[in-house]
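Take a look at the letters that make up each chain.
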Amino acid sequence: MSATKVLFIGGTGIISSAASALAAERGMEVTLLNRGQSRRAPAEGVEVLTADISDAAAVDAALAGREFDVVADMIAFTPEQVQRDIDRFEGRTGQYVFISSASAYQKPVARLPITESTPLRNPYWQYSRDKIACEDLLAAAYRDRGFPVTVLRPSHTYDKWTIPAFGGWTAIDRIRRGEEIVVHGDGTSLWTLTHSRDFAVGFVGLLGNPLAFGDTFQITSDFVYTWNEIYSILGRAAGAAPRIRYATSAAIEQAAPNRAGQLTGDMAHSVVFDNTKIRSVVPDYNPTTALHQSAREIIDWHDAHPELQRVDPGMDALFERLLA
């Protein structure tokens with residue numbers, strides 16, 4: 001039996017790096033299509049094609065008429081980008097995987113835990129509304145023409161390259177220097193964090209899986225923390241206790257208009273997910289990486305790679321404005 005041929009558009013991000021590596025490890029024939037500008041090296045045995053997905057001529061030349069069992073677009077955010085994929089890959093792939101977002105679920109959250117049937121409505125964040133519009137477009141393509149789509153809704157997914165907290169490395173730098181950081185609300189809302197290694201198991205289990213065609217799956221962990229706990233765990237790994245002050249989500253976004261909706265439309269709300277559906281289709285999906293286990297890996301990786309220790313002057317100034 002021939003190996004499943006999978007094309008990742010992107011393929012070097014938090015989710016896609018782990019997923020493409022696991023797919024290759026499990027014997028799939030994995031190809032990445034991207035601009036070749038990521039610091040992350042692709043997994044061994046993975047083919048890399050260089051092209052910008054928005055450049056139709058370059059993509060045509062890179063793909064040269066090839067067909068794939070699965071196409072997973074990791075960098076589609078708008079309906080226009082999804083329509084571009086439909087036009088290009090309809091009839092040329094057995095499955096199209098779209099990465100939506102758990103932030104698309106209704107805000108405020110009416111009932112926990114969140115399931116795939118929770119309504120989609122986010123009046124606060126344009127990013128989430130765009131993802132909803134993408135899902136609507138793909139649902140119509142499936143209903144009308146049988147376009148073989150599978151929609152995935154991850155929540156906050158992280159790996160050793162990323163700091164899973166508002167402020168990123170800037171927050172860690174301030175904690176280490178003994179400076180105060182600002183946390184939204186009172187730090188007690190609940191937040192689910194999923195390590196990319198765990199996410200990849202659910203993701204890869206759906207590739208080429210006929211039980212996933214035309215359907216939607218959220219893939220998150222069962223590890224739920226308050227924001228106070230998240231900063232405390234990261235602080236311990238970094239060697240210092242965080243000094244926390246609090247501000248409303250609205251006040252933070254008013255001080256940082258470029259982040260409008262990120263808190264009020266997502267992080268400020270308690271989110272707990274029911275993963276029964278993904279487990280019913282991918283029985284080996286069982287998240288095992290808790291933050292207290294991975295925090296040291298994250299800090300050690302950043303300490304070993306000073307180029308990743310990027311303090312954002314804008315975020316640092318935001319903290320100072322809010323503290324003042």
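As shown above, the structure is provided for reference.
Model, not experiment: these values are computed from the prediction.

Explanation requested: the packing of helix α1 (residues 14-25) against helix α6 (residues 196-206) in the structure shown.
Packed helices, taken two at a time, are described by the angle between their axes plus the distance between the axes. Here α1 crosses α6 at 60°, and the two axes come no closer than 8 Å. Put simply, α1 runs oblique to α6. Crossing handedness for the pair α1 and α6: right-handed. Seen from α1, the contacting residues are I14, I15, A18, A19, L22 and A23; seen from α6, they are S196, R197, F199, A200, V201, F203 and V204.

Got a minute to help me understand the pairing of strand β1 (residues 5-9) in this structure?
Consecutive residues of a regular strand have side chains that alternate between opposite faces of the sheet. Counting buried residues along β1, four of its five residues qualify, which places the element largely inside the surrounding structure. Examined bridge by bridge, β1 and strand β2 (residues 29-34) share five bridges and lie parallel to one another. In the sheet register, K5 faces β2, and the bridge partner there is E29. Each parallel crossover has a hand, and for β1 linked through α1 to β2 it is right-handed. Bridge count for β1 against strand β4 (residues 70-73) is four bridges, and the pairing is parallel. Opposite V6, over in β4, you have V70 as the bridge partner.

What counts as what
- Residues numbered from 1 in each chain as written.
- Predicted model: local features only at pLDDT ≥ 70, side-chain atom pairs only at ≥ 80, totals over all residues.
- Heavy atoms only, no water.
- Axes fitted to C-alpha atoms, helices over the stretch in contact; angles between N-to-C directions.
- Helix = DSSP H or I, 4+ residues; strand = E, 2+ residues; numbered from the N terminus.
- Parallel < 35°, antiparallel > 145°, perpendicular 65-115°, else oblique.
- Left-handed = near helix turned anticlockwise from the far one by under 90°.
- Contact = heavy atoms within 4.5 Å.
- Buried < 20%, exposed > 50% of the residue type's maximum accessible area, 1.4 Å probe, protein only.
- Pairing = 2+ DSSP bridges.
- Right-handed = clockwise from strand over helix to strand, strands pointing away.

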